[in-house]
Amino acid sequence: MFKKHRVISLLPSCTEIVCALGEGDKLVGRSHECDYPPSVRRLPVCTEAKVNSAASSGEIDQQVKSLLENALSLYRVDVEKLKALKPDLILTQAQCEVCAVSLSDVERALGEWVGSKPQVISLSPQRLAQVWDDIRRVAEALGLEDNGKSVLKELKNRCVDVIEKACPAGHRPSVACIEWLDPLMAAGNWVPEMVELAGGLNLFGEPGKHSPWLNWEAVQEHDPEIIIVMPCGFDIARTLRELPAVVQRPDWAKLRAVRNGHVHIVDGNQYFNRPGPRLVDSLEILAEIIHPNLFPAKYEGKAWERLPAPKPEA
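Residues numbered from 1 in each chain as written. Predicted model: local features only at pLDDT ≥ 70, side-chain atom pairs only at ≥ 80, totals over all residues. Heavy atoms only, no water.

A. Representation of helix α12 (residues 279-290). Taking 1.5 Å per residue, 12 residues should reach 16 Å; α12 reaches 16 Å between its end C-alpha atoms and fits that length. Counted residue by residue, α12 has 12 buried out of 12 residues, so it is predominantly covered. (Helix = DSSP H or I, 4+ residues; strand = E, 2+ residues; numbered from the N terminus. Expected span 1.5 Å × (residues − 1). Buried < 20%, exposed > 50% of the residue type's maximum accessible area, 1.4 Å probe, protein only.)

So, in structure tokens, the structure goes:
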């Protein structure tokens, strides 16, 4: 297969895959969301969002619904910049039109492309095994099959290490993973699977299925032992700014996880919502949150924080 030399990645996880394979120097363009590793920030930006990401969770939800109801894309692709960068490979996704530039966005951008068109690879993983397949596909497209095998071996070995350490745990705490705050949404796709691998009992969302809407009555009914808040696209600081609307609910303080100080805020933007190599970091984060007696807290303070339990009333 012809080895690709000019790659544009329109998805953060794709960018991270290319760099994990040792081919970061082949990247000539990126999406507005691609920011890891830090070296990619120097690359030309080929997309922009139509949604105001600085708005509140509820306002973002309304903007997204309005655009989708009018059959409009949530993103703009800079066609002229794509042409000027002359890629021979474009990496994008077909998993979620809300989360990132989609395959249909790219196809529209390439619709009037004159001359030799670049190869387009679209990724749409919903389970961990499919993430492994995607890493293999990107490695093959780059002519780096051996690199791909090496990267996958290391990632899978780290997963096995988590599973083996979590197995002896006698108790599997019930876990609620929250992917959006207003309206409330549970985490789906690969997250429920990772909770189980990390030794927890996942309460909401099914492995391999899109994230479901959630209501507070269900949260109260199941009364999770651990709550992990991981809004899509939000870092820890942004999530903490959004939390008051939730913690001020009269039923919030009654939840077992809240009373016991087992509410955790994680960096959903950098970890859990990017189906690439750092999903293994995400698995390790889950393990140290769910079973702190079995896993050292190497990510605490960087990738996740614990909310203090509310002070008892005088």
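The discussion continues.
B. Representation of the side chain of R274 in the model. Locating R274 in the fold gives a position in the loop between β11 (263-266) and α12. The class for R274 is buried, based on a relative accessible area of 4%. With residues near it in sequence (within four places) discarded, R274 still touches P12, S13, E16, E33, D35, Y36, N269 and L279. (Contact = heavy atoms within 4.5 Å.)

C. Spatial organisation of the packing of aromatic side chains. A complete count under the given rule lists 2 aromatic pairs for this structure. Here the aromatic rings of W216 and W252 are separated by 6.1 Å at their centres, their planes lie at 85°, and the arrangement is edge-to-face. Of this pair, W216 sits in helix α8 (residues 216-222) while W252 is found in the loop between α10 (244-247) and α11 (256-259), placing the two residues 36 residues apart along the sequence. Grouping residues by exposure puts W216 and W252 together as buried. Over the ring of F234 we find R238, and its NZ or CZ is 4.1 Å from the ring centre. Sitting over the face of the ring of Y271, R278 holds its NZ or CZ atom 5.1 Å from the ring centroid. (Phe/Tyr/Trp six-rings, centres within 6.5 Å; stacked < 30°, edge-to-face > 60°. Lys NZ or Arg CZ within 6 Å of the ring centre and 35° of its normal.)

D. Expanded view of the pattern of salt bridges. In this structure the tally under the stated criterion is 16 salt bridges. We note a salt bridge from E242 to R238, for which the minimum N-O separation is 3.6 Å. With E242 and R238 both in helix α9 (residues 236-242) and 4 residues apart, this pair spans about one turn of that helix. Assessed through its relative accessible area of 15%, E242 is described here as buried. (Salt bridge = Lys/Arg side-chain N within 4 Å of Asp/Glu carboxyl O.)

E. Highlighting the packing of helix α6 (residues 145-166) against α12. α12 packs onto α6 with a crossing angle of 10° between their chain directions and a minimal axis gap of 10 Å. Judged by the angle between their axes, α6 and α12 are roughly parallel. Each of L155, R158, C159 and V162 in α6 lies in contact with α12, whose residues at this interface are V280, D281, L283, E284 and A287. Split by residue class, the contact of α6 with α12 holds 6 nonpolar, no polar and 3 charged. (Axes fitted to C-alpha atoms, helices over the stretch in contact; angles between N-to-C directions. Parallel < 35°, antiparallel > 145°, perpendicular 65-115°, else oblique. Nonpolar A, V, L, I, M, F, W, Y, C, P; charged D, E, K, R; others polar.)

F. Inspection of the nonpolar core at higher detail. Counting 54 residues, the largest nonpolar core has W132, M194, I228 and I285 as the members making the most contacts within it. A per-element tally of this core places α12 first, with 8 residues. Setting aside anything within four residues of it in sequence, one finds I285 in contact with V266, Y271, F272, Y299, A303 and W304. One finds W216, I227, V258 and V263 within the second-largest nonpolar core, a separate group that totals 22 residues. (Core = buried A, V, L, I, M, F, W, Y, C linked by side-chain atoms within 4.5 Å.)

G. Focus on unusual backbone geometry. P37 follows Y36 through a cis peptide bond whose omega is -5°. Tracing the sequence through the fold places P37 in the loop between β2 (27-30) and β3 (47-49). Each neighbour pair has its own omega, and for D182 with P183 the value is -5°, a cis peptide bond. Assignment of secondary structure puts P183 in the loop between β7 (174-181) and β8 (184-186). The phi torsion at K86 lies on the positive side, around 50°, for a residue other than glycine. Its place among the elements puts K86 in the loop between α3 (79-85) and β5 (89-93). Since its relative accessible area comes to 62%, K86 is described here as exposed. Although it is not a glycine, N189 adopts a positive phi angle of roughly 55°. Assignment of secondary structure puts N189 in the loop between β8 and α7 (191-197). Taking the relative accessible area as the measure of exposure, N189 reaches 7% and is therefore buried.

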